[in-house]
Amino acid sequence: MGSGPGHTVAVFGAYGHTGRFVVAELLERGFVPVLSGRDADKLRASAASRPGLDVRPAQVDDPAALDRALAGAAAVINCAGPFTTTAAPVIEAALRAGIPYIDVAAEIEANTDTLAHFADRARAAGTVVVPAMAFYGGLGDLLVTTAMGDWTAADEAHIAYGLSGWHPTPGTRVAGAAVQARRGGQRVRFRQGRLEYHRDDLPTLDWHFPAPLGTRAVIGEFTMADVVTVPSHLSIPEVRTYMTTEAAGDLAAPDTPAPTAVDGSGRSAQTFLVDVVVRSGGTERRATASGQDIYAVTAPLAVEAVRRVLDGRTGRTGVAFAGDVFDAPDFLGALAPHITYSTTA
């Protein structure tokens, strides 16, 4: 992967499933992670395998502890959900420290809250906040932006997730429960340029994924964070996301076990193929990405974002999502070998 710039990067939620991947990726790239989070015992246990790393516990309702956690850091990556609980306090701490903030929030409402509450404040502070820099939200945004090419607007964007299965982490379960409680059992979708809450049944249909996946049954309007990230900067009034029925069933089942590592990096055997179609009039453009383990691949997404922000390659302040703040095709190319992607006009 090459050497990193030696910057110190605070990782909030460093002991969690995704947080551990992020810490490993930072080390691989030559950054110096600071391990932070709410559970001091879990932090110390995680640090035992990484001797020499600084451990700084902090509760989200303790601003002084968060300030200590971020002291001396060049940036912070928030990996601790539910982000409806953690994002705002950690962003506040990042603003006080004057450093960039990146998170891996897949929660729709957490991302809309960040955009609504911090866009002006981050801009005034002269720093950048990049939410949803993860498999859900960030990757779809990069693919849609890449597929758009020279288009300034489109009629529709469709993002289909072809997962071989989905073994949710405990953090995913907790975040999902928090989202459902907030919505009161309603579902969400993006139509005619706005989010809608509804109780309609979700349709099942066939999606024709590229080879080798082929045609698969998917749940329509299985809405993910792409309905916030994409329309935040692209003029597309209809953004829809889909999930293979097997993966949706795994997520819904209460007894689906957590991911199990199958290699030395800790990745699971799960594979994914994300298929994006954008349409304008009678013309269609497509971008696809494939790889292994949706949680593991979030780490290079988040760390590449940090690298580009600290290199000064964003030229932006305020709140901005992946496709808006980064050169999307170049960013996707930099993710090799974690992700393989292609486009067709």
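Residues numbered from 1 in each chain as written. Predicted model: local features only at pLDDT ≥ 70, side-chain atom pairs only at ≥ 80, totals over all residues. Heavy atoms only, no water.

## Things to note about the packing of aromatic side chains
Using the criterion set out here, one finds eight aromatic pairs in the structure. Ring geometry for Phe135 and Tyr161: centres 5.5 Å apart, planes at 50°, overall tilted. Remark: Tyr161 occurs in strand β7 (residues 156–163) and Phe135 occurs in helix α6 (residues 135–148); sequence separation between them is 26 residues. In terms of burial, Phe135 and Tyr161 fall into one category: buried. Among the aromatic residues, those joined into a ring-pair cluster are Phe135, Tyr136, Tyr161, Trp166 and Phe272. (Phe/Tyr/Trp six-rings, centres within 6.5 Å; stacked < 30°, edge-to-face > 60°. Helix = DSSP H or I, 4+ residues; strand = E, 2+ residues; numbered from the N terminus. Buried < 20%, exposed > 50% of the residue type's maximum accessible area, 1.4 Å probe, protein only.)

## Observations concerning the pairing of strand β3 (residues 54–57)
Two faces belong to every sheet, and in a regular strand the side chains alternate between them. Two strands pair when backbone bridges link them, and strand β2 (residues 32–37) and β3 are joined in this way by four bridges, in the parallel orientation. Residue Val34 lies in a different strand from β3, and its bridge partner there is Asp54. Regarding topology, helix α2 (residues 40–47) serves as the crossover connection from β2 to the parallel β3, and that connection is right-handed. (Pairing = 2+ DSSP bridges. Right-handed = clockwise from strand over helix to strand, strands pointing away.)

## Some details on the pattern of salt bridges
As enumerated under the stated definition, the model contains 27 salt bridges in all. A salt bridge links Glu25 to Arg29, with the shortest nitrogen-to-oxygen separation between them at 3.0 Å. By the burial criterion, Glu25 is buried, and Arg29 matches it. Between Asp200 and Arg189 there is a salt bridge whose closest N-O contact spans 3.1 Å. (Salt bridge = Lys/Arg side-chain N within 4 Å of Asp/Glu carboxyl O.)

## Section: helix α4 (residues 83–97)
Between its terminal C-alpha atoms α4 stretches 20 Å, which fits the 21 Å expected from 15 residues at 1.5 Å a residue. Within α4, the full set of buried residues consists of Phe83, Thr86, Ala87, Pro89, Val90, Ile91, Ala93, Ala94 and Leu95. Each element contacted by the buried residues of α4 is listed here: β1 (8–12), α3 (63–70), β4 (75–78), β5 (101–103), α5 (108–125) and β6 (128–130). Taken from the residues just after α4, Gly98 is the one with a positive phi, measuring 70°. (Expected span 1.5 Å × (residues − 1). Contact = heavy atoms within 4.5 Å.)

## Considering empty space enclosed by the protein
If you walk through the whole model with that rule in mind, you get one cavity of 30 Å³ or more. The space that makes up the largest cavity amounts to roughly 40 Å³. Taken together, Arg189, Phe190, Arg191, Glu221, Thr223, Val227, Val239, Arg240 and Thr241 make up the full set of residues lining the largest cavity. Taken together, the elements giving at least two residues each to the lining of the largest cavity come down to β8 (187–191) and β12 (238–244). (1 Å grid on protein atoms, 1.4 Å probe; cavity = no way out; pocket = protein on both sides within 12 Å on 5 of 7 lines; lining within 4 Å. Points joined across faces, edges and corners; volume = space filled by probe spheres on them.)

## Examining the environment of Tyr136
Here Tyr136 shows up in helix α6. Sequence separation between Tyr136 and Ile108 is 28 residues, and the spatial gap between their C-alpha atoms is 10.0 Å. Not counting residues within four places of it along the chain, the set of residues in contact with Tyr136 comprises Ala105, Ala106, Tyr161, Leu163, Trp166, Met224, Ala225, Met243 and Ile294.

## As for the side chain of Glu238
Structurally, the position occupied by Glu238 is in strand β12. In this structure Glu238 comes out as buried when scored by relative accessible area, which is 16%. There is a polar contact of 3.2 Å between the side chain of Glu238 and the side chain of Arg240. Ignoring any residue separated from it by four or fewer positions in sequence, one finds Glu238 in contact with Asp155, Glu156, Ala157, Phe190, Arg191 and Gln192. (Polar contact = N/O pair within 3.5 Å; in protein donor to acceptor, adjacent residues only side chain to side chain.)

## Regarding the nonpolar core
The biggest cluster of nonpolar side chains holds 108 residues, and the ones touching the most others in it are Ile77, Met133, Phe135, Leu139, Val144, Leu163 and Trp166. Not counting chain neighbours up to four residues away, the residues in contact with Leu163 comprise Phe135, Tyr136, Met243, Thr244, Ala247, Gln270, Thr271, Phe272 and Ile294. Membership of the second largest hydrophobic core comes to seven residues, among which are Val218, Tyr242, Leu273 and Val277. (Core = buried A, V, L, I, M, F, W, Y, C linked by side-chain atoms within 4.5 Å.)

## Notes on the packing of α3 against α4
As a packed pair, α3 and α4 sit with axes 9 Å apart at the nearest point and diverge in direction by 60°. By the angle class used here, α3 and α4 are oblique. The handedness of the crossing between α3 and α4 comes out as right-handed. Of the residues in α4, those touching α3 at Pro63, Leu66, Asp67 and Leu70 are Pro89, Val90, Ala93, Ala94 and Arg96. Looking at the contact of α3 with α4 residue by residue, the classes come out as seven nonpolar, no polar and two charged. (Axes fitted to C-alpha atoms, helices over the stretch in contact; angles between N-to-C directions. Parallel < 35°, antiparallel > 145°, perpendicular 65-115°, else oblique. Left-handed = near helix turned anticlockwise from the far one by under 90°. Nonpolar A, V, L, I, M, F, W, Y, C, P; charged D, E, K, R; others polar.)

## Some points on the pairing of β8
Across five bridges, β8 lies against strand β9 (residues 194–198) in antiparallel orientation. Residue pairing in the sheet places Arg187 in a bridge with His198 of β9. Connecting β8 to the antiparallel partner β9 that follows it, the hairpin turn spans two residues, and Gln192 within it adopts a positive phi of roughly 50°.

## Things to note about the layout of surface pockets
Considering only enclosed or pocket space, the largest pocket measures out at about 1400 Å³ in volume. At eleven residues, the largest contribution of residues to the lining of the largest pocket is made by helix α7 (residues 170–183). Looking at the lining of the largest pocket, its residues break down into 27 nonpolar, 15 polar and eight charged. The volume enclosed by the second largest pocket comes to roughly 500 Å³.

## Describing helix α10 (residues 298–310)
With 13 residues, α10 ought to run about 18 Å at 1.5 Å a step, and its terminal C-alpha atoms sit 18 Å apart, in line with that. In terms of residue burial, α10 counts as a mostly covered element, since eleven of its 13 residues are buried. Residues Thr298, Ala299, Pro300, Leu301, Ala302, Val303, Glu304, Ala305, Val306, Arg308 and Val309 constitute the buried set of α10. Immediately beyond the C-terminal end of α10, within one or two residues, lies Gly312, with a positive phi of roughly 80°.

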